[in-house]
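# Descriptive analysis of the structure
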Amino acid sequence: MRFMVIVKADGNSEAGAMPSTELLTAMGKFNEEMVKAGVMLAGEGLHPSSKGARVGYTGKERTVSRGPFSLAGGLVSGFWLIETKSLDEAIDWMKRAPFDGGSEIEIRQVFSPEDFGDALTPELREQEARL
């Protein structure tokens, strides 16, 4: 099972504050452990929302809003894409992440082709496999 681990933004990440050398070192060690265990597929930090944009879709209309955005909107400051046997295993890994100070993450399972059933036709499955 693949999971997206979403690191929630806070006032510091939205202000563009960079992590300390100590946190970067601890995070590097944690990431290395996950890679060696075959768990981590990808992971990155994100710039503050002030450097981003949102695109809204209503019919054929497209609306663009440029950041910064409110923290109340559940902003993301980083992510991991991991692969584990279960949500419980993903939780166990993430409990080891070197966060403190009220940090919060969210763990969400990524859809696999099987989840779509018959709606994902053989042609669409082939296309997905190519991509």
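Here the structure is a predicted model, which is why all the values come from computation and not from measurement.

### Thoughts on the overall build of the protein
Along the backbone of the protein there are four helices and six strands. Order of helices (α) and strands (β) in the protein, N terminus to C terminus: β-α-α-β-β-β-β-α-β-α. Computed over C-alpha atoms, the radius of gyration of the protein comes to 18 Å, more than 25% over the 14 Å expected from 2.2 N^0.38 for 131 residues, which places it beyond the range of a compact globule. Taking all 131 residues of the protein together, 22% fall into the buried category. Across the protein, the fraction of contacts at a sequence separation of at least 24, relative to all contacts at a separation of at least 6, is 74%. When the accessible surface of the protein is totalled, it reaches about 9,400 Å², and 53% of it is carbon and sulfur.

### Quick notes on helix H3 (residues 87-94)
For H3, the complete set of buried residues consists of Ala90, Trp93 and Met94. Seen end-on, H3 carries its buried residues on one side only, within an arc spanning 95°. Buried positions along H3 lie against strand S1 (2-8), helix H2 (21-36), strand S5 (76-83) and strand S6 (105-109).

### Let's talk about the side chain of Ser77
Tracing the sequence through the fold places Ser77 in strand S5. Within the local environment of Ser77, its side chain forms a polar contact with the backbone oxygen of Lys8, the two atoms lying 3.5 Å apart. For Ser77, the residues in contact, after removing those within four places along its chain, are Val7, Lys8, Ala9, Ser13, Gly45 and Leu46.

### Quick notes on the nonpolar core
Nonpolar side chains in soluble globular proteins tend to end up buried together. If you look at the biggest cluster of nonpolar residues, it comprises 14 residues, and the most contacted ones within it are Phe30, Met34, Trp80, Ile82, Trp93 and Met94. Elements supplying a minimum of two residues to this core: S1, H2, S5 and H3. The contacts of Met34, once residues within four sequence positions are left out, are Val39, Met40, Trp80, Ile82, Trp93 and Met94.

### A short note on H2
For H2, which comprises 16 residues, the first-to-last C-alpha distance of 22 Å matches the rise-based estimate of 22 Å (1.5 Å per residue) to within 8%. Inspection of H2 places Met27, Phe30, Asn31 and Met34 among the buried residues, and these make up the whole buried set. Taken down its axis, H2 places every buried residue within 100° of arc, on the same side. In H2, those exposed residues whose orientation departs by more than 90 degrees from the buried face are Thr21, Glu22, Thr25, Lys29 and Lys36. For H2, the elements touching its buried residues are strand S2 (40-45), S5 and H3. Backbone geometry just downstream of H2 places Gly38 in the positive-phi region, at approximately 75°.

Reading the values: rules and limits
Every chain's residues receive numbers from 1 upward, in the order its sequence appears when written. Per-residue local features are limited, in this predicted model, to residues with pLDDT of at least 70; the limit for side-chain atom pairs, both in listing and counting, is 80 or more; totals at the level of whole chains, interfaces and linings are taken over all residues. Hydrogens and waters are ignored; side-chain quantities use all the structure's heavy atoms. Numbering of helices and strands runs from the N terminus, with a helix taken as a DSSP run of H or I at least four residues long and a strand as a DSSP run of E at least two residues long. Put simply, the radius of gyration uses C-alpha atoms, and a globule should come to 2.2 Å times the residue count raised to 0.38. Burial classes: relative accessible area under 20% of the type maximum marks a residue as buried, over 50% as exposed, and values in between as partly exposed (1.4 Å probe, protein chains only). Residue contacts follow a heavy-atom distance rule, with two residues in contact if any of their heavy atoms lie within 4.5 Å. Surface exposure here means Shrake-Rupley accessible area, sampled with a 1.4 Å probe, where a residue is shielded only by the protein chains that are shown. By construction, the arc corresponds to the directions joining the helix axis to the C-beta atoms. Any pair of nitrogen or oxygen atoms within 3.5 Å is treated as a polar contact; in protein, a donor-acceptor pairing is required on top of that, and neighbouring residues in sequence qualify only through side-chain atoms on both sides. Side-chain atoms within 4.5 Å link the members of a nonpolar core, which is a set of buried Ala, Val, Leu, Ile, Met, Phe, Trp, Tyr and Cys residues. How far a helix is expected to stretch is found by multiplying one less than its residue total by 1.5 Å.

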